[in-house]
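One letter stands for each residue in the lines below.
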Amino acid sequence: MKKKLFAFLLVVMPLIIQAQNLNGRFTSSFYTFERFNSLNTSETFIRTNQALSFNANYDKFSLRTRLSFESNIGKSLDNDPRMRFYNLYLEARNLFDVATIKLGRQSLFTSVAGGLYDGINIKLQHSDFSLTGFYGGNVPAYQKLEFTDDLSNDYVLGGRLETTALKDFRFGVSYIDKNFKPVDYYALRMNEDLDPVTVLIQSKSNQFKYLSADAFYSYNTLGYINTRYEYDVNFEVTSKVEVEGRVNPTKDLGVNFYYNYREPRIRYNSIFSVFNYGNTHEIEGGIDYKLMNNYTFFVKYGDVTYNTENSSRITLGANTDYGSLSYRKTFGYAGELDAVSIYSAHTFMDGFLTPSLGLSFTLYKLSKDDDANTIVALLAGCNVRPWKKFSFDLQGQYSHNKIYKNDFRVLFKVNHFFNTNF
């Protein structure tokens, strides 16, 4: 780890020294929780996390990083301490008024697969058209600062073509191929004489390979509609159809609608592909009404259809300047549930003090004839910002159910924001 950090500093220090702007955030937090070793004995842990988001900018070029260091005070947990690198990449923007390039560890956002990868992302933009391509290796467990040792079997690649040439419309087509290298492991198996023997299990690589297309239409303030289609190239089936939209008949009244057809997302070569499975159809609609610009009331109804069963849900509530209140009821194949939640947060003294309070109560059972179980959750906290660049968070969390009885936790965090121009 020390060698990697030293090499990292050799690369980034010249960029930081020449930077015109440095900005980011540093946070230090402490979190307490209790772990039971048996029915009557337990241990209390204090876990710390130091997180840094840092950007160094020079003209069209930037170095962007996001990392964290976590450990326990006292007794260590498995794999402690952990240094996680979420972002570490160089960015060159608007080169030749066409290209933006990112090189290094960066985030991947697609409807099929997400996460992090170590590689390159190139976006070419001209007029109303853009073309993006990316390729790199999957990130190891715990976001270690290591590059995959088998790029041919442990990679992600893909691209997207998008246009807004037609007024009020956006069209896009995408492709992604994400291949996972399984980890070898040893397991006990029976030989021909039915004696247990240790065998090395080596699986083939598992893969996602999808084509997708999407279209978005918006007409001023009257509403919008967003559609998406996904095709599983490996299994040669339609994987997903999604339609979502909103209509605003008046300034204060809104109508939302949603439809989803989905096949289970199974990795190619995965053992799960041998099982029989079915698709689902989901539909939801709702309305919301704004009263006096400060209160919004909403109600939604949704239904999910399985192979021979279905499950329904109803949600209603209100959002205000001081918080939100909601009630949700689920019934049918997915189980019976009644849940009420309330949350409030408000800023006082020009941002100096922001207290918050949340409470939820849930009554659920897996089927109509089962015994009911309850969950109670409570959180209370406060954010204090005495200076523009510093703030402090203190939050208490309490939950009670049949598994975790009277579980109480505390979080304390210090935030430091910085932005310096040279």
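These numbers come from a predicted model, not from an experiment.

Examining the overall build of the protein chain
Here is step 1 of the chain: If you tally the helices and strands in the protein chain, you get 1 helix and 24 strands.
Here is step 2 of the chain: For the protein chain, the residues scored as buried account for 30% of the 422 residues in total.
Here is step 3 of the chain: In the protein chain, the proportion of contacts linking residues at least 24 apart, taken out of those at least 6 apart, comes to 40%.
Here is step 4 of the chain: With the model as given, the accessible surface of the protein chain reaches about 26400 Å², and the carbon-plus-sulfur share is 60%.
Here is step 5 of the chain: Averaged over its 46 positive side-chain charges, the protein chain has a centre that lies 7 Å from the centre of its 43 negative ones.

So, the nonpolar core
Here is step 1 of the chain: One finds L108, V112, A113, Y117, F134, V156, I176, F180, F208 and Y210 forming the largest nonpolar core, which totals 10 residues.
Here is step 2 of the chain: Sorting the residues of this core by element identifies β9 (169–180) and β12 (206–219) as the ones contributing at least two each.
Here is step 3 of the chain: If we skip the residues at most four places from it in the chain, V112 touches I176, Y210, E230 and R265.
Here is step 4 of the chain: Membership of the second largest hydrophobic core comes to 8 residues, among which are F54, L63, F85 and L88.

Considerations on the environment of F147
Here is step 1 of the chain: Residue placement: F147 occurs in the loop between β7 (129–138) and β8 (155–163).
Here is step 2 of the chain: Residues F147 and V197 lie 50 residues apart in sequence; the distance between their C-alpha atoms is 34 Å.
Here is step 3 of the chain: Leaving out residues up to four positions away in the same chain, F147 has contacts with D118 and G137.

A closer look at the side chain of N57
Here is step 1 of the chain: Among the structural elements, N57 can be located in strand β2 (residues 42–58).
Here is step 2 of the chain: In this structure the side chain of N57 is engaged in a polar contact, spanning 2.6 Å, whose partner is the side chain of S62.

Points about the pairing of strand β20 (residues 336–345)
Here is step 1 of the chain: In this structure, strand β19 (residues 323–332) lies alongside β20, joined through 8 bridges in antiparallel fashion. Note that in β20 the partner of T330 across the bridge is L337.
Here is step 2 of the chain: Counted between consecutive antiparallel strands, the loop separating β19 from β20 contains 3 residues, among which G335 sits at a positive phi close to 110 degrees.
Here is step 3 of the chain: As judged from the 10 bridges shared by β20 and strand β21 (residues 353–365), these two strands associate in the antiparallel manner. Bridge pairing links V340 to F361 in β21.

Side note on the pattern of salt bridges
Here is step 1 of the chain: Considering all chains together, one arrives at 18 salt bridges under this definition.
Here is step 2 of the chain: We note a salt bridge from K181 to D150, for which the minimum N-O separation is 3.7 Å. Of this pair, K181 sits in the loop between β9 and β10 (185–190) while D150 sits in the loop between β7 and β8; the two residues are 31 residues apart in sequence, bridging distant segments of the chain.
Here is step 3 of the chain: We classify K181 as partly exposed; its relative accessible area is 36%.
Here is step 4 of the chain: A relative accessible area of 19% means that D150 is categorised as buried.
Here is step 5 of the chain: Through salt bridges with shared partners, a single network forms among R47, E70, R82 and R84.

Some words on the environment of N21
Here is step 1 of the chain: Take N21: it is sitting in strand β1 (residues 21–36).
Here is step 2 of the chain: Measuring from C-alpha to C-alpha, the distance between N21 and D97 comes to 22 Å, with 76 residues separating the pair along the chain.
Here is step 3 of the chain: Once residues within four sequence positions are removed from consideration, N21 is found in contact with N55, A56, N57, N419, T420, N421 and F422.
Here is step 4 of the chain: A distance of 3.3 Å separates the side chain of N21 from the backbone oxygen of T420, its partner in a polar contact.

Looking at the pairing of β21
Here is step 1 of the chain: In this structure, β21 lies alongside strand β22 (residues 373–387), joined through 12 bridges in antiparallel fashion. Paired with G358 across the bridge in β22 is L379.

Topic: the packing of aromatic side chains
Here is step 1 of the chain: According to the stated counting rule, one finds 11 aromatic pairs in the structure shown.
Here is step 2 of the chain: Measuring from centroid to centroid gives 5.3 Å for F33 and F45, while their planes differ by 15 degrees, and the two rings are stacked. Note that F33 is positioned in strand β1 and F45 in strand β2, a separation of 12 residues in sequence. Per residue, the accessibility class of F33 equals that of F45, and both read buried.
Here is step 3 of the chain: Ring pairs connect the aromatic residues Y31, F33 and F45, which therefore count as one cluster.
Here is step 4 of the chain: For R267, the ring lying beneath its charged end belongs to F180, and the centroid distance is 3.7 Å.

Rules behind the numbers
- Residues numbered from 1 in each chain as written.
- Predicted model: local features only at pLDDT ≥ 70, side-chain atom pairs only at ≥ 80, totals over all residues.
- Heavy atoms only, no water.
- Helix = DSSP H or I, 4+ residues; strand = E, 2+ residues; numbered from the N terminus.
- Buried < 20%, exposed > 50% of the residue type's maximum accessible area, 1.4 Å probe, protein only.
- Contact = heavy atoms within 4.5 Å.
- Areas by Shrake-Rupley, 256 points an atom, 1.4 Å probe, with all protein chains shown as cover.
- Lys, Arg positive; Asp, Glu negative; His and termini not counted.
- Charge placed at Lys NZ, Arg CZ, Asp CG, Glu CD.
- Core = buried A, V, L, I, M, F, W, Y, C linked by side-chain atoms within 4.5 Å.
- Polar contact = N/O pair within 3.5 Å; in protein donor to acceptor, adjacent residues only side chain to side chain.
- Pairing = 2+ DSSP bridges.
- Salt bridge = Lys/Arg side-chain N within 4 Å of Asp/Glu carboxyl O.
- Phe/Tyr/Trp six-rings, centres within 6.5 Å; stacked < 30°, edge-to-face > 60°.
- Lys NZ or Arg CZ within 6 Å of the ring centre and 35° of its normal.

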